[in-house]
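Structural overview
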Amino acid sequence: MLTTNKYYIFFLTAVLVSLSLHAHSEGLPAAPPQAKALRCERLTDPMGIDARIPRLGWQISGEERGLRQVAYQVLVASSPGGLAKGEGDLWNSGKVFSGQSQQVNYKGVPLKSRNNCYWKVKIWTTTSEESRDIVNPGSKKGSGSDVTESSWSQPAFWSMGLLERADWKAHWIGYEKGFPWDSVSKFSRLSARYFRKEFSSASPVKKATVYIIGLGHYELYINGRMIGDQVLAEAPTDYTQSVKYNTFDVTTACSQGMNALGVVLGNGRYFTMRPKYKPKKIKEFGFPRLLLQLEIEYADGARQRIVSDDTWKFTADGPIRSNNEYDGEEYDATKEMGGWNTTGFNDSRWLKPELVLSPGGRIGAQRNEPIKVMDSIRPVAITEQSPGTWILDMGQNMAGWVRMKVRGERGDKVTLRFGETLQKDGTLYTANLRDAKVTDMYTLKGGGVESWHPVFVFHGFRYVAINGYPGKPSVDDFEGQVVYDDIATIGEFRTSNPLVNQIYRNACWGILSNYKGIPLDCPQRNERMPWLGDRAAGSYGESYVFDNENLYAKWLDDIEEAQKPDGALPDVAPAYWNYYSDNMTWPGTYILVAGMLYRQFGDKRSIEKHYASMKKWLDYMRQKYVRNDLMTKDKYGDWCVPPESPELIHSRDSMRNTNGQLIATAYYYRLLFIMQYFARLLNRPQDHDNFLALAARVKEAFNAKYLDSRTCRYDNNTVTANLLPLYFNMVPIRNEDAVFNHIVDKIEQEDKGHISTGVIGAQWLMEGLTKYGRPDLAYRIASNSDYPSWGYMVRQGATTIWELWNGNTANPAMNSHNHIMLLGDLITWFYKDLAGIASGEEGYKTIYMEPFMPDSLGEVQATYRTPYGIVKSAWKREDTQLLWDITIPANTSAMVHLPSQEEEKVLEGGKGLRRVKDIRIVDMENHRIVLNLGAGTYHFKIRQ
Ligand code: BGC
């Protein structure tokens, strides 16, 4: 990813973009604008979606300044031929006078199961001033001579999945007990189950589509060929609430004559890692099960359906002897069953599967990207730590698995044990994995080089202890495969400070390590749970690096499904662990993430969909816990503040910790405030007024209780106690400066420029310091390399982010080295405040650019791929001037705050501002000149 391929592709693209810009300035004819990068439900050519009103979006090619769309036409046809002829039998939008090019709702004939939809877009664009403001539908604008009509875009595609329950003719199959070699106990060992079915196709196949749910994980084969490159499929959910199917076009995999379907089922979260253990806490679903439906259309119009039922055969006596996400996978190659997934295999000793109950959840299409092997890493070293024990060093803490090459005797056993760090004596450190065994075992079949990696587990590790390897292993025998959701890296950020760059890199590795169809807390120990609180403000920062819209939209569904009838929301969702502790800071993530999706991606639908459940939760919390307008219930406090002694996990010092009720009430206020915004967006004036009125009362009670009006301190004067009310706009205006000064004094004098908050304070700290005028102090905190700081982690050799500030000395009971919650708002601050890239309101249709340039930082470069295209901001100090390059994507505009008060000191492309026709000077704000810029690239020079 960041290290290798994609990183370069990203930069290559940036280089190509700038080359083509150059070409234009050299006077070469520019290609006319056109719609490109067409996406449906934010996916490229998705198969089997179940949104009945899909949302369509496209970007616009072309680099001319001020380029924007004034009208569009969408054609959706049921066949490629029809589309080519310009027929829109499913939808012909006609020419729509609108600048909208993202989140465009399909408005054609109602879509049905299995519809194939071929689509293309034509746009009308302009660069002229007159058309620059919002276009009125129906007005004559957009048809004048300054308007260019594009040719049709490249065609794109989506298909509908099975929308009705009645579409499913398949039966759930499985087997409801273990086998003699299995163990259904705390440390479960359950072998994979192999299913097979042969069928014959009478004539040439015109189209074949398979719909599959294989719980917990599946691998699908047709005629020996693996279908798709997804791993650990399908997306994890609470299977009693919903189960997700995947759809594949398997036309080319099926042939006339006999065919064989093969499916391997692994356990995943369905057959839980710790069954029969703490049943009140750990949710169990049952034994693995399969639902599969293959639909074939023949050239002569005939149709055939192959479904899972009790005519299939299965065995659990294959090579995968055990697969447990915490404990590892065991593979015995001597048990391989050559040809099991092809035709003609003798399965006479295989068993008949049972028809089993459905898991209970509603069946729906998987809407988020599948998990894949996204990158690969070559290990940096291998050493023989003690006779027969080798330590492999990946050079990077990562999540995924190791692919191993080995040659030896039949029956030789190699074990691979994974860990994040080493002990002083060079042995693997495993205490912080708690009871997770994290051990893969491979038994050789012998007879040549064997290559293997597990398929139904993943590990979080940097080091691997290898035992039993025949001969002398070298680094070339191993490859680290990095496994996470197939989402693009859309942000790139770099400064002139290498330490800050390394912190950023560690953060990226931490984020991607923990994307597994849900956002996990950590990938290594016996936990790996989607804790809500870890993602509260952090999800916003993550969205600058990764295209995580679908992942988080899916997670909101998981959270809603975990809501209890009384309105309670969990701390972990899907609720694999049963924690409903009722607090504001963990479940509140439900509301914060919906806000992030709207701001970063323009996704209003998630707000519409979840609004009622959010409101229900806030009502529940109010009725149960609000007393005298204060939220009296909290659970986690300012989780993980730097403690008073190095081995502690949680501080016991009342002066370091922040009052839980203060935190809860401040968050309650913040969430009410966001809800009033949502209510306004959804046009619910009564709700809007109610939320506002409630928020006003909460604010008053909060200040009466916690603000010392004499000293202007909140409660015990921790940074978090003062910061939350300040950043949430709860402080009476006359007291704001004083409250801010307490924060600054505390950081500068007591903390000597260091962070003293835990997860909660860190969510607003960098932005808070910047907003109130001290970006330099934020930068000081961000660039520290002594304890406690992100830089301290780097200095201790971390390649990801730790769970605890004192992660090198703390008690191993809770000491992951690959957590991201302590990042707080750091990544947001990098992009939004240092680079100055922020969404104006929804999904970057308007862009807000106001970089803060700390005196001691020389340079920042960032690019961010918004739904409309790439925004770039790169600034650099050079002698007595500041250079700032900006790129704004087509069909957007930006409010740009120049760090100067004097117009005559600013040049763009060598000219004074008023001489550049594409620039509008709007205002002067906070001692900055504010410009309104249309799309395009601009080069500012600002004399200091
Ligand atoms: C998890 C955290 C989580 C916390 C809350 C920890 O064990 O790893 O990330 O938020 O518990 O209790």
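Considering unusual backbone geometry
- Going from A573 to P574, the amide bond is cis rather than trans, its omega being -5 degrees.
- If you trace the backbone, P574 turns up in the loop between α5 (549-561) and α6 (589-601).
- Of note, the amide linkage connecting Y787 to P788 takes the cis form, showing an omega dihedral of -10 degrees.
- Of note, P788 is situated in the loop between α14 (775-783) and α15 (790-795).
- Phi angles above zero are rare outside glycine, and R528 is one such case at about 55 degrees.
- Tracing the backbone shows R528 in the loop between α3 (498-513) and α4 (538-545).
- Despite not being glycine, N891 has its phi angle at roughly 70 degrees, a positive value.
- Counting through the fold element by element, N891 comes out in strand β42 (residues 881-898).
- On the accessibility criterion, N891 (1% relative accessible area) is buried.

Notes on the sheet that holds strand β5 (residues 104-105)
- One open sheet accounts for 3 strands, arranged β1-β2-β5; its pairing is antiparallel. Here the strands that pair on one side only, and so sit at the sheet edges, are β1 (35-40) and β5.
- Across 2 bridges, the pairing between strand β2 (residues 55-60) and β5 is antiparallel. Counted as the bridge partner of R55 is N105 from β5.

Observations regarding the packing of aromatic side chains
- On inspection of all chains with the given rule, the structure shows 65 aromatic pairs.
- One cation-aromatic arrangement involves K516 over F458; the distance from NZ or CZ to the ring centre is 5.0 Å.
- Sitting above the plane of the Y580 ring, K564 keeps its charged end 4.1 Å from the centroid.

Points about helix α9 (residues 685-706)
- Between its first and last C-alpha atoms α9 spans 31 Å; for 22 residues at 1.5 Å apiece the expected length is 32 Å, and the two agree.
- Every buried residue of α9 is accounted for by D687, H688, F691, L694, A695, V698, A701, F702, N703 and Y706.
- At its buried positions, α9 is contacted by α7 (605-625), β35 (630-631), α8 (660-681), β36 (707-708), β37 (713-714) and α10 (719-727).

So, the pattern of salt bridges
- Enumeration over the complete set of coordinates arrives at 58 salt bridges.
- The shortest N-O distance in the salt bridge between K186 and D435 comes to 3.3 Å. Placement of K186 in the loop between β9 (173-174) and β10 (193-201) and of D435 in the loop between β28 (428-429) and β29 (439-443) is noted, with a sequence separation of 249 residues between them.
- Close ionic contact of D476 with R378 constitutes a salt bridge, the shortest N to O distance being 2.5 Å. Here the residue D476 occupies a position in the loop between β31 (459-467) and β32 (478-485), and R378 occupies one in the loop between β23 (371-377) and β24 (381-386), the gap between them amounting to 98 residues.
- Classification of D476 as partly exposed rests on a relative accessible area of 46%.
- Judged by its relative accessible area of 54%, R378 falls in the exposed class.
- Salt bridges sharing partners connect three or more residues here, namely R39, R42, D547, E549 and R865.

Observations regarding the environment of E803
- Counting through the fold element by element, E803 comes out in the loop between α15 and α16 (826-835).
- Among the residues examined, E803 registers a relative accessible area of 2% and is labelled buried.
- Separated by 16 residues in sequence, E803 and H819 place their C-alpha atoms 4.9 Å apart.
- Of the polar contacts made by the side chain of E803, one reaches the backbone nitrogen of S816; its length is 2.8 Å.

Considering the site of the ligand
- Close contacts around the ligand come from D521, R525, E527, W531, D534, W586, Y636, W639, E803, H819 and M821, and that covers them all.
- The side chain of D534 places a nitrogen or oxygen atom 2.4 Å from an oxygen atom of the ligand.
- Here W586 contributes a side-chain N or O atom positioned 3.1 Å from an oxygen atom of the ligand.
- When the free accessible area of the ligand is taken as 300 Å², the share hidden by the protein chains comes to 93%.
- Split by residue class, the shell around the ligand holds 5 nonpolar, 1 polar and 5 charged.

Some points on the confidence of the model for the protein
- Averaged over every residue, the pLDDT of the protein is 95; the share at 70 or more is 95%.
- Taken together, the stretch residues 1-25 has pLDDT below 50 and engages in 32 contacts with residues farther than four places along the chain or on a different chain.
- Within the model, pLDDT remains below 50 along residues 131-142, and this stretch shows 23 contacts once partners closer than five positions in the same chain are excluded.

Cut-offs and rules
- Residues numbered from 1 in each chain as written.
- Predicted model: local features only at pLDDT ≥ 70, side-chain atom pairs only at ≥ 80, totals over all residues.
- Heavy atoms only, no water.
- Helix = DSSP H or I, 4+ residues; strand = E, 2+ residues; numbered from the N terminus.
- Buried < 20%, exposed > 50% of the residue type's maximum accessible area, 1.4 Å probe, protein only.
- Pairing = 2+ DSSP bridges.
- Phe/Tyr/Trp six-rings, centres within 6.5 Å; stacked < 30°, edge-to-face > 60°.
- Lys NZ or Arg CZ within 6 Å of the ring centre and 35° of its normal.
- Expected span 1.5 Å × (residues − 1).
- Contact = heavy atoms within 4.5 Å.
- Salt bridge = Lys/Arg side-chain N within 4 Å of Asp/Glu carboxyl O.
- Polar contact = N/O pair within 3.5 Å; in protein donor to acceptor, adjacent residues only side chain to side chain.
- Near = heavy atom within 4 Å.
- Areas by Shrake-Rupley, 256 points an atom, 1.4 Å probe, with all protein chains shown as cover.
- Nonpolar A, V, L, I, M, F, W, Y, C, P; charged D, E, K, R; others polar.
- pLDDT = per-residue confidence, 0-100.

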